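Each chain is listed here by its residues.
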Amino acid sequence: MIVAEQKPLEEIKGLIADARKVLVVGCGTCVTVCFAGGEKEAGILAASLRMASRIDGTPVEVSHVTVQRQCEWEYIDPVGEQAHEADIVVSLGCGIGVQALAERFADVIVVPGLNTAFLGQPTEQGVWEERCAACGSCLLGLTGGICPIARCAKQLLNGPCGGSQNGECEIGHDTPCAWQLIYDRLAAQNRLHLLMEIQPPKDWTTSRDGGPRRITREDLRLAAEGSD
Ligand code: SF4
Ligand code: SF4
């Protein structure tokens, strides 16, 4: 899932400073699961902004709505009328949701209410950890299902750096060394031979380094109008 957290109220207030009518749009998927931008959070933020505006002496009309997914046209189209009635829309979706709203309703000012953080997993109640950096060429088959790109601070491909101590990464005691985890997993699976295969430098063109990425599935595309 995409993990995000809400921006400080003061920052959101700054983003809507000139508005008299604000629409907060929540998203019912990833950011609901990480308690950052779902229906409940959209309602709380709208109420907080209303209260704050009254305290500041410039009452603002703030309403809220939540769509199932802000990153897909069919889910955001139904809120177009509400969005166009507002001076500013505060998106509580991830960065994709913000951009989808801003693209679909291009004449509306859309601002982010969240900071989008990473692709992660809730590892215990109240804790989310990064698990994938979307590198576009997955190595998990060689590393016992533990990602050295997202979970090693140095993104090493051939074992740990000299800073790994007692299974911990040198960046801090609360961060396990990814390569210790990989070693332990492969040892438990009797697959340590995988570590003897030297990995060549990674081809980063499939990652962000290659520029904005696109996946096209021709078999799923709709035929152009007029074609067979
Ligand atoms: S190797 Fe790449 S695609 Fe696979 S989990 Fe790590 S970052 Fe994600
Ligand atoms: S200590 Fe381990 S996880 Fe941390 S940077 Fe070195 S190899 Fe990577």
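For the structure itself, consult the block above.
Starting from 1, residues in each chain are numbered consecutively following that chain's sequence as written. The naming scheme follows written order: chains are lettered A onward, ligands numbered 1 onward. The model is predicted, so local features are restricted to residues of pLDDT at least 70 and side-chain atom pairs to those at 80 or more, both for listing and for counting; the totals for chains, interfaces and linings are taken over all residues. By convention in this description, side-chain values take in all heavy atoms of the structure and omit both hydrogens and water.

Help me understand the overall build of the chain in this model?
Per the secondary structure count, the chain includes eight helices and seven strands. Over its C-alpha trace the chain gives a radius of gyration of 22 Å, far above what one expects of a compact globule, namely 17 Å for 228 residues. Residue burial in the chain is summarised as follows: out of 228 residues, 35% are buried. For the chain, long-range pairs separated by at least 24 residues make up 60% of all intrachain contacts whose partners lie at least 6 apart in sequence. Note on areas: Shrake-Rupley, 1.4 Å probe, and residue coverage restricted to the protein chains presented here. For the chain, the exposed surface amounts to about 13800 Å²; the carbon and sulfur share of it is 52%. To qualify as a helix, a DSSP run of H or I must reach at least 4 residues; to qualify as a strand, a run of E must reach at least 2; elements of each kind are numbered from the N terminus. Every radius of gyration here is taken over C-alpha atoms, with the globule rule written as 2.2 Å times N^0.38, N being the number of residues. The buried label goes to any residue with under 20% of its type's maximum accessible area, the exposed label to any with over 50%, and the partly exposed label to all in between, with areas taken from a 1.4 Å probe on protein chains only. Contact criterion: two residues are considered in contact whenever any of their non-hydrogen atoms come within 4.5 Å of each other.

Any chance you could explain the packing of aromatic side chains here in plain terms?
In this description, a pair of aromatic rings is defined by centroid distance and the angle of the planes. To pair, rings of Phe, Tyr and Trp, with the six-membered ring standing in for Trp, must have centres within 6.5 Å; the planes then decide the type, stacked if under 30 degrees apart, edge-to-face if over 60, and tilted in the middle. Enumeration over the complete set of coordinates arrives at one aromatic pair. Taking 6.4 Å as the distance between ring centres and 65° as the angle between the ring planes, the aromatic pair formed by phenylalanine 35 and tryptophan 128 counts as edge-to-face. On the criterion of sequence distance, the pair formed by phenylalanine 35 in the loop between α2 (30-33) and α3 (39-55) and tryptophan 128 in strand β7 (residues 127-132) is long-range, its members being 93 residues apart.

I tried to follow the site of ligand 2 on my own but got confused; where do I start?
In the region of ligand 2, the neighbouring residues are Cys152, Ala153, Lys154, Leu156, Pro160, Cys161, Ser164, Cys169, Glu170, Cys177 and Ala178. Basically, the charged four are Asp, Glu, Lys and Arg, the nonpolar ten are Ala, Val, Leu, Ile, Met, Phe, Trp, Tyr, Cys and Pro, and anything else, Gly included, counts as polar. A class-by-class count of the residues in the shell around ligand 2 yields eight nonpolar, one polar and two charged. A single heavy atom is enough: if one lies within 4 Å of a molecule or strand, its residue is considered near that molecule or strand.

What's the story with the state of the cysteines in this structure? I'm lost.
By definition, a disulfide links the sulfur atoms of two cysteines through a covalent bond. Here, the term disulfide refers to a pair of cysteine sulfur atoms separated by no more than 2.5 Å. Applying the stated rule across the entire model yields zero disulfides. Free of any disulfide, cysteine 71 has its nearest cysteine sulfur in cysteine 27, 6.0 Å distant.

Would you explain helix α6 (residues 95-104) in this entry?
Three or four residues apart is the spacing at which side chains of an α-helix point the same way, because the helix has 3.6 residues per turn. Residues of α6 that are buried include every one of Gly97, Val98, Ala100 and Leu101, and no others. Angular distribution of buried residues about the axis of α6 spans 165°; they occupy a single face of the element. Turned more than 90 degrees off the buried face of α6, the exposed positions are Gln99 and Glu103. Buried positions along α6 lie against β2 (21-27), α4 (73-76), β4 (88-92) and β5 (109-112). Directions are taken from the helix axis to each C-beta atom, and the arc is the one they span.

What exactly am I supposed to notice about the site of ligand 1 here?
Taken together, Cys132, Ala133, Ala134, Cys135, Cys138, Leu139, Leu140, Cys147 and Ile149 are the residues near ligand 1. Grouping the constituent residues of the shell around ligand 1 by class yields nine nonpolar, no polar and no charged.

Looking at this model, I keep getting lost on unusual backbone geometry. Mind explaining?
Note: most peptide bonds trans; most residues except glycine with negative phi. Its identity as a non-glycine residue notwithstanding, glutamine 155 has a phi of 50°, on the positive side. Along the chain, glutamine 155 falls in the loop between α7 (148-151) and α8 (178-188).

Where do I start with the sheet that holds β4 in this structure?
Overall, parallel pairing links the four strands, which are arranged β3-β2-β4-β5 in an open sheet. Either end of the sheet is taken by a strand with one partner, and the two such strands are β3 (61-67) and β5. Each strand of the sheet is rotated relative to its neighbour by a mean of 25°, with strand direction disregarded. Examined bridge by bridge, β4 and β5 share four bridges and lie parallel to one another. At least two DSSP bridges between two strands are needed for those strands to be called paired. Helix axes use the C-alpha atoms of the stretch in contact, all axes being lines fitted to C-alpha atoms, and the angles between their N-to-C directions lie in the range 0 to 180 degrees.

What am I meant to see in the pattern of salt bridges here?
If the charged atoms of two oppositely charged side chains come close together, the side chains can form a pair. We define a salt bridge as a contact between a side-chain nitrogen of Lys or Arg and a carboxyl oxygen of Asp or Glu at a distance within 4 Å. Throughout the structure, instances matching the rule amount to 10 salt bridges. The salt bridge partner of aspartate 219 is arginine 217, with a shortest N-O separation of 2.7 Å. One network of salt bridges, with partners in common, ties together Glu10, Lys13 and Asp56.

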